[in-house]
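What follows is the residue order along each chain.
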Amino acid sequence: FLYSLHKSDLPNQCSPDPCHKEGTVKCEDLKGDFYCECKRGWQGKTCEKDVDECKVQNGGCNQLCLNKLGSYRCSCHSGYALKDSKTCEDIDECATSADICGEARCKNLLSSYECLCDAGYKYDEVKKTCQDINECEEKLCEQTCVNSPGSYTCHCDGRGGVKLSQDMNTCENIKPCVPFAVGKSIKSLYLGRMFSGTPVIRLRFKRKQLTRLVAEFDFRTFDPEGILFFAGGRQESSWVVLALRKGRLELQLRDGGVGRVTSSGPLISHGMWQTISVEELERSLVIKVNRDAVMKIAVSGDLFTLEKGLYQLNLTVGGIPFKTKDLIQPINPRLDGCMRAWNWLNGEDTTIQETIKMNEKMQCFAVAGRGSFYPGRGFAVFNLTYMQPSSGNETKTSWEIELNAAIQPATDTGVLFALVTEAASVPLSLSLVDYHSTKKLKQQFVIVALENRVVSRLAVELCDKKEHAVDILLKKDHLSLRVDGIEGESELSISELEDSLSMLESSLQSTTKTYVGGLPDVPVTATPVTASYHGCMSIMLSSKALDLDEALYKHSDITSHSCPPAE
């Protein structure tokens, strides 16, 4: 049989559904065929294939395109978020979560953020805190390092002759910036060499027949008090001592068990050369200055004494052979003076000249002016009190430190004046320094410090070969520094100053010693400057000149009343 089948009689091609269900909108029966209408994002005969939209222009995404079955989406890198469906923008983590960095500062970065601490601190991610970096562990300093919150300071031992160099970490030698004319004269004899006040020269003369004393020499000094020479026998026999007191000649004479003191003549301590002579005549002593008789003293005995068949005389220069308290009138024997062209008993003694030639410390500065010269080593130390006795019914003791110094420095680093306790702390110091410790900057200053803290400073040209006036005044509620009349800058608030001054006051009530020109062995961190001063200086304390001859101890190379000029 032949059947002719009409298309409409064909079975429905969409049943069962040949299309991929997930990707198809609907199936159309095409009578013998079918058509799958695909959803967006699907393709293929049965809509079984996913369209990868990301292949064409990244799907329009500006960062990441993620293809999915039948669709896609845009995404962002870490630290970014979608502004709309396709565009990413940076997330400001600092704004979205305020304490993301704890106590540190939050800085937004593209796609990220970082937590920042001040210089000298590092961020601890666990504790979200800023921790101080201990730079001292990094061995940045050549000598001593002190760590502080967020910073550190290096210290160089000034007593070893070094200071901080430009990099603020290493040390360099302290070198003079102003040379002084420290040349010595080989034909001179310096009387101030021994701080102990013992003689610089001892001579013993022995004669077969009775001889009389004749002594003549040229002499120069600015020192008002001290011993020129002694001549005679033992302390209990006959002798004379020629000395200076208040700038004039004084003769102390022991004669036949009787002691006499005579003072007369012009002012000698003016720093010019003059000729002085002492001559023993038959029954008198004559003292002349520049050939003019200034004293004539009657005597009964002789200065030479007969011992073992010889007439003998001891002569000591710059001191006496016994204790000064056993003089007829006690005196400070130390004399910063200079002798030349001497003649003892009309005899040319070449051995003294040879000894002096060999020993520079026995020679005087060729040229000298007023002041005290500090060679950059040693110090002078005094036992002074700054507490003022309370008047009447006042229970509170008052105190005052008033210092006026005239300085002509040879270097830009050194201690001018300091108070030191028995525990080796330095409650007060006045110093020269060539850097600003907090700004870490090279510049010359005069500074006042209480302990290790600078409380007042003034920038000064220290190497200008000029003399500078440095004045400090400290009392219960006052601290001032002036250099050449210009007020220093205070580094403390009023309340900090009050606290510091009350600590200074308690130090003054215990035992403190006053150091001039340098410091004893204190820790290098106890005070800003530990180097000895180098240069010329005269000091007034409470309007009275400080005499280095009156010190408890003075380094022998510091000259108490003479200073060479700057070259």
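Residues numbered from 1 in each chain as written. Predicted model: local features only at pLDDT ≥ 70, side-chain atom pairs only at ≥ 80, totals over all residues. Heavy atoms only, no water.

Right, let's talk about the overall build of the protein for a bit. For the protein, the count of helices and strands is three helices and 47 strands. For 567 residues, the compact-globule formula gives about 24 Å, and the C-alpha radius of gyration of the protein, at 47 Å, lies well above that figure. Along the first, second and third principal axes, the C-alpha set of the protein runs to 190 × 60 × 40 Å. Sorting the 567 residues of the protein into buried and exposed places 45% on the buried side. (Helix = DSSP H or I, 4+ residues; strand = E, 2+ residues; numbered from the N terminus. Rg over C-alpha atoms; globule rule 2.2 N^0.38 Å. Buried < 20%, exposed > 50% of the residue type's maximum accessible area, 1.4 Å probe, protein only.)

Moving on, we get to the state of the cysteines. Summed over all chains, the structure comprises 15 disulfides. Bridging Cys-14 to Cys-27, the disulfide has an S-S length of 2.2 Å. Torsion about the S-S bond of the Cys-14 and Cys-27 cystine: about -80°, corresponding to left-handed handedness. A residue pair is termed long-range when its members are at least 10 positions apart, and Cys-14 in the segment before strand S1 (24-29) and Cys-27 in strand S1 qualify at 13 residues. Overall, Cys-14 belongs to the buried group, its relative accessible area being 14%. For Cys-156, the disulfide goes to Cys-171, at an S-S distance of 2.1 Å. Between Cys-156 and Cys-171, the S-S torsion sits near -90°, and that sign places the bridge as left-handed. Here the residue Cys-156 occupies a position in the loop between strand S14 (151-155) and strand S15 (162-164), and Cys-171 occupies one in strand S16 (residues 171-173), the gap between them amounting to 15 residues. (Disulfide = S-S within 2.5 Å.)

The feature "domain: EGF-like" (unreviewed entry), as given by UniProt, occupies residues 10-48, 50-89 and 90-131 in the numbering adopted here. Secondary structure over residues 50-89 splits into 0% helix and 40% strand, and the C-alpha atoms at its two ends are 29 Å apart. For residues 90-131, the helix share is 10%, the strand share is 43%, and the end-to-end C-alpha distance is 30 Å. (UniProt positions renumbered as here; feature names shortened; annotations may be inferred.)

For the structure on display, the rule yields 20 salt bridges. The salt bridge partner of Lys-31 is Asp-29, with a shortest N-O separation of 3.8 Å. We classify Asp-29 as partly exposed; its relative accessible area is 23%. Close ionic contact of Asp-118 with Arg-105 constitutes a salt bridge, the shortest N to O distance being 3.0 Å. With Asp-118 in the loop between strand S10 (112-116) and strand S11 (121-124) and Arg-105 in strand S9 (residues 105-109), this residue pair connects regions lying 13 residues apart in the sequence. Asp-118 sits in the partly exposed class, given a relative accessible area of 49%. In this structure Arg-105 comes out as partly exposed when scored by relative accessible area, which is 45%. (Salt bridge = Lys/Arg side-chain N within 4 Å of Asp/Glu carboxyl O.)

Once that is clear, we can look at a positive patch on the surface. On the surface, Arg-204, Lys-206, Arg-234 and Lys-308 cluster together to form a positively charged patch. Note on placement: Arg-234 falls in the loop between strand S21 (226-232) and strand S22 (239-245). Take Arg-234: its relative accessible area is 53%, and that puts it in the exposed class. (Patch = residues over 30% accessible without salt bridge, like charges linked within 9 Å, V, L, I, M, F, W, Y side chains within 5 Å. Areas by Shrake-Rupley, 256 points an atom, 1.4 Å probe, with all protein chains shown as cover. Lys, Arg positive; Asp, Glu negative; His and termini not counted. Charge placed at Lys NZ, Arg CZ, Asp CG, Glu CD.)

Here we take up empty space enclosed by the protein. Applying the stated rule across the entire model yields three cavities of 30 Å³ or more. For the largest cavity, the calculated volume is near 150 Å³. What lines the largest cavity is a set of 17 residues, and nearest its centre among them are Cys-156, Lys-163, Tyr-435, Pro-528 and Val-529. At the level of secondary structure, the elements contributing two or more residues to the lining of the largest cavity comprise S14, S15 and strand S37 (428-436). Of the residues in the lining of the largest cavity, the class split is ten nonpolar, five polar and two charged. (1 Å grid on protein atoms, 1.4 Å probe; cavity = no way out; pocket = protein on both sides within 12 Å on 5 of 7 lines; lining within 4 Å. Points joined across faces, edges and corners; volume = space filled by probe spheres on them. Nonpolar A, V, L, I, M, F, W, Y, C, P; charged D, E, K, R; others polar.)

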